[in-house]
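Descriptive analysis of the structure
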Amino acid sequence: MATPVSLLRTDSAHPGLPGLIQQLDVYLRGIYGERMVFFDQFNGLEDIKQVVIAYRGDEAIGCGSFKAFGSGTVELKRMFVTPAQRGRRVGSVIVSEIEHWAAELGKSRIILETGHEMPGAVAFYARAGFERIDNYGPFVGVEESCCYAKDVTTPEV
């Protein structure tokens, strides 16, 4: 029986994050190559204060984060699950935790950008209840990008 997944709410300075982000960046460069130079400018961790890291035992196996985007909206950023852990609902657990955390902070909407060249990510977000929206902010007119949004509700107290 597999060790259960535990989640940690933290920030971008947590030592469990850099290894996951490095794997994510290698993965994205494998898909987008030099086109990642454009996207890199939006993927810094300096503005990210909320990070969720998934662990199986002592091993960091996935992450996701969000940052403010307007008054009631947050942007989902740096979502990643290690290849060996994909298909085990780790990403779903991370996104659910992010939704709860954002709602606890009074946010009502989550937006995100992903790419057409990542059909697995597109399908994942659709299964998670995100709906396609017009490209927003810096992604307007970016052919590789597709953007999604989901409304979240404040949890009952």
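Residues numbered from 1 in each chain as written. Predicted model: local features only at pLDDT ≥ 70, side-chain atom pairs only at ≥ 80, totals over all residues. Heavy atoms only, no water.

Identification of the chain as GNAT superfamily N-acetyltransferase from Neolewinella antarctica is taken from an unreviewed UniProt entry.

1. Notes on helix H1 (residues 17-32)
Since one α-helical turn is 3.6 residues long, residues separated by three or four positions face the same way. Taking 1.5 Å of rise per residue, the 16 residues of H1 would be expected to cover 22 Å, and the 22 Å separating its terminal C-alpha atoms lies within 8% of that figure. Here H1 has its buried residues at Leu17, Leu20, Ile21, Leu24, Leu28 and Tyr32. Buried residues of H1 fall within an arc of 95° about the axis and therefore sit on the same side. Among the exposed residues of H1, those pointing more than 90 degrees away from its buried face are Gln22, Val26 and Gly30. Two residues or fewer after H1 comes Gly33, characterised by a positive phi angle close to 55°. (Helix = DSSP H or I, 4+ residues; strand = E, 2+ residues; numbered from the N terminus. Expected span 1.5 Å × (residues − 1). Buried < 20%, exposed > 50% of the residue type's maximum accessible area, 1.4 Å probe, protein only. Arc of directions from axis to C-beta.)

2. Re the side chain of Glu75
Relative to the helices and strands, Glu75 is located in strand S4 (residues 73-81). On the basis of relative accessible area, Glu75 is assigned to the buried category, the value being 5%. Within the local environment of Glu75, its side chain forms a polar contact with the side chain of Tyr136, the two groups lying 2.6 Å apart. Not counting residues up to four positions away in its chain, the partners in contact with Glu75 are Ser65, Phe66, Lys67, Phe69, Ile111, Tyr136 and Phe139. (Polar contact = N/O pair within 3.5 Å; in protein donor to acceptor, adjacent residues only side chain to side chain. Contact = heavy atoms within 4.5 Å.)

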